[in-house]
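Topology and contacts: notes
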Amino acid sequence: QVQLMESGGGSVQAGGSLTLSCVVSETPYRWLKMSWYRQAPGKEREFVSSILRAGTTTYADFVKGRFTTSQDNAKNTVYLQMNSLKAEDTAVYYCNLDYIVRGIEVNRWGQGTQVTVSS
């Protein structure tokens, strides 16, 4: 059973940094990409970043230059390093794995980890 587990959330002052981790258990053979999303109170879930298995990254405009996604394939772990955090970065952050099962592209979400940035 493919499962995702986020960790690394917490509370930090504006301008500070946090690094989130997402560990994948029972890694699927056809791992396509891992994405990060976030959802703030009263707002829709929004895309933050993604990284293909081969390493190509994509970022939302509002995090470019501040957040970095990376991965350790041997550990089946994807990271989101967040620097220069702002109050508006406060949200629950979710990782999402896109992969293939029986020829069908599917995805699975982690449970989310809370990031709170105070000013």
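Residues numbered from 1 in each chain as written. Predicted model: local features only at pLDDT ≥ 70, side-chain atom pairs only at ≥ 80, totals over all residues. Heavy atoms only, no water.

1. Overview of the packing of aromatic side chains
The tally for this structure, following the rule as stated, stands at three aromatic pairs. Measuring from ring centre to ring centre gives 5.7 Å for Y37 and F47, while their planes differ by 75 degrees; the resulting arrangement is edge-to-face. Of this pair, Y37 sits in strand β4 (residues 31-39) while F47 is found in strand β5 (residues 46-52), placing the two residues 10 residues apart along the sequence. Look at Y37 and you get partly exposed, because its relative accessible area is 23%. Of the residues examined, F47 reaches a relative accessible area of 27% and is grouped as partly exposed. Pairing Y37 with W109 gives two aromatic rings, centres 5.1 Å apart and planes at 65 degrees, and the pair type is edge-to-face. Of the two residues, Y37 is situated in strand β4 and W109 in strand β10 (residues 104-109); the sequence distance between them amounts to 72 residues. On the accessibility criterion, W109 (35% relative accessible area) is partly exposed. Connected via pairs of aromatic rings, a cluster forms that spans Y37, F47, Y94 and W109. Geometry around W109 places R45 over its ring, the cationic atom sitting 4.6 Å from the centre. (Phe/Tyr/Trp six-rings, centres within 6.5 Å; stacked < 30°, edge-to-face > 60°. Helix = DSSP H or I, 4+ residues; strand = E, 2+ residues; numbered from the N terminus. Buried < 20%, exposed > 50% of the residue type's maximum accessible area, 1.4 Å probe, protein only. Lys NZ or Arg CZ within 6 Å of the ring centre and 35° of its normal.)

2. Focus on the pairing of strand β9 (residues 91-101)
With nine of its 11 residues buried, β9 lies for the most part within the structure. The pairing of β4 with β9 spans eight bridges and is antiparallel. The residue bridging S35 from the neighbouring strand is N96, located in β9. Across six bridges, the pairing between β9 and β10 is antiparallel. Its bridge partner lying in β10, N96 is registered against W109. Where β9 hands over to β10, the hairpin turn is made up of two residues, of which R102 adopts a positive phi near 50 degrees. (Pairing = 2+ DSSP bridges.)

3. A few points about the state of the cysteines
Tallying each qualifying case throughout the model produces one disulfide. Residue C22 pairs covalently with C95 via a disulfide, S to S 2.1 Å. Sign of the S-S torsion, about 65 degrees for the bond between C22 and C95, identifies this disulfide as right-handed. A residue pair is termed long-range when its members are at least 10 positions apart, and C22 in strand β3 (residues 18-25) and C95 in strand β9 qualify at 73 residues. For C22, a relative accessible area of 0% puts it in the buried group. (Disulfide = S-S within 2.5 Å.)

4. What about the environment of V92?
Mapping V92 onto the fold places it in strand β9. Along the sequence, V92 and A54 sit 38 residues apart, while their C-alpha atoms lie 27 Å from each other. In contact with V92, not counting residues within four places along its chain, are Y37, R38, Q39, G112, T113 and Q114. (Contact = heavy atoms within 4.5 Å.)

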